[in-house]
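# Inside the fold
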Amino acid sequence: MSETPPLPPSRSGYVTALMVMFGVILLLPGICALIFAFDQTQSSHFDTRFTPILALALLVAFAGVMLIRAARKRP
């Protein structure tokens, strides 16, 4: 006599599109950080003062990837 649990309500298309758009916006600092880091490695020296900022930008980009991944999942 086991009953199946009710399905959670589905997310609207507007919310999914909003999550994807916000996730793409969060990807931009990470792309800029990668370009900056690659440019710095091509020069003769790498200024280590920018390492925490680069790490933070990559963390924000990771949050954007996770947000896009969550938006793609169907509830």
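Conventions used here
- Residues numbered from 1 in each chain as written.
- Predicted model: local features only at pLDDT ≥ 70, side-chain atom pairs only at ≥ 80, totals over all residues.
- Heavy atoms only, no water.
- Helix = DSSP H or I, 4+ residues; strand = E, 2+ residues; numbered from the N terminus.
- Rg over C-alpha atoms; globule rule 2.2 N^0.38 Å.
- Buried < 20%, exposed > 50% of the residue type's maximum accessible area, 1.4 Å probe, protein only.
- Expected span 1.5 Å × (residues − 1).
- Contact = heavy atoms within 4.5 Å.
- Axes fitted to C-alpha atoms, helices over the stretch in contact; angles between N-to-C directions.
- Parallel < 35°, antiparallel > 145°, perpendicular 65-115°, else oblique.
- Left-handed = near helix turned anticlockwise from the far one by under 90°.
- Nonpolar A, V, L, I, M, F, W, Y, C, P; charged D, E, K, R; others polar.
- Patch = residues over 30% accessible without salt bridge, like charges linked within 9 Å, V, L, I, M, F, W, Y side chains within 5 Å.
- Areas by Shrake-Rupley, 256 points an atom, 1.4 Å probe, with all protein chains shown as cover.
- Salt bridge = Lys/Arg side-chain N within 4 Å of Asp/Glu carboxyl O.

Here we come to the overall build of the protein. Scanning the protein from terminus to terminus reveals two helices and zero strands. Scaling as 2.2 N^0.38, a compact globule of 75 residues should have a C-alpha radius of gyration of about 11 Å, whereas the protein reaches 19 Å, well beyond that. In terms of principal-axis extent, the alpha carbons of the protein reach across some 70 × 30 × 15 Å. Buried positions account for 19% of the 75 residues belonging to the protein.

A rise of 1.5 Å per residue sets the reference length of helix H1 (residues 13–42), with its 30 residues, at 44 Å; its end C-alpha atoms lie 44 Å apart and thus fit the reference within 8%. The secondary structure elements touched by the buried residues of H1 are helix H2 (51–72).

Turning our eyes to something else, we now look at the side chain of Thr16. Mapped onto the secondary structure, Thr16 falls in helix H1. When residues no more than four places from it in sequence are discounted, the contact partners of Thr16 are Arg11 and Ala71.

Note that Gly64 resides in helix H2. Judged by relative accessible area, Gly64 falls into the buried class, the value being 0%. Sequence separation between Gly64 and Gly23 is 41 residues, and the spatial gap between their C-alpha atoms is 4.1 Å. Contacts of Gly64, omitting those with residues within four sequence positions, involve Gly23, Leu26 and Leu27.

Interhelical geometry of H1 versus H2 gives an angle of 150° and a closest axis separation of 7 Å. With respect to H2, the element H1 is oriented roughly antiparallel. Every pair of crossing elements has a handedness; the one defined by H1 and H2 is left-handed. Residues belonging to the contact of H1 with H2 are distributed by class as follows: 22 nonpolar, four polar and no charged.

A surface patch of nonpolar side chains, amounting to about 480 Å² of accessible area, comprises Leu56, Leu59, Phe62, Val65 and Met66. For Leu59, the position within the fold is in helix H2. The class of Leu59 is exposed, set by a relative accessible area of 55%.

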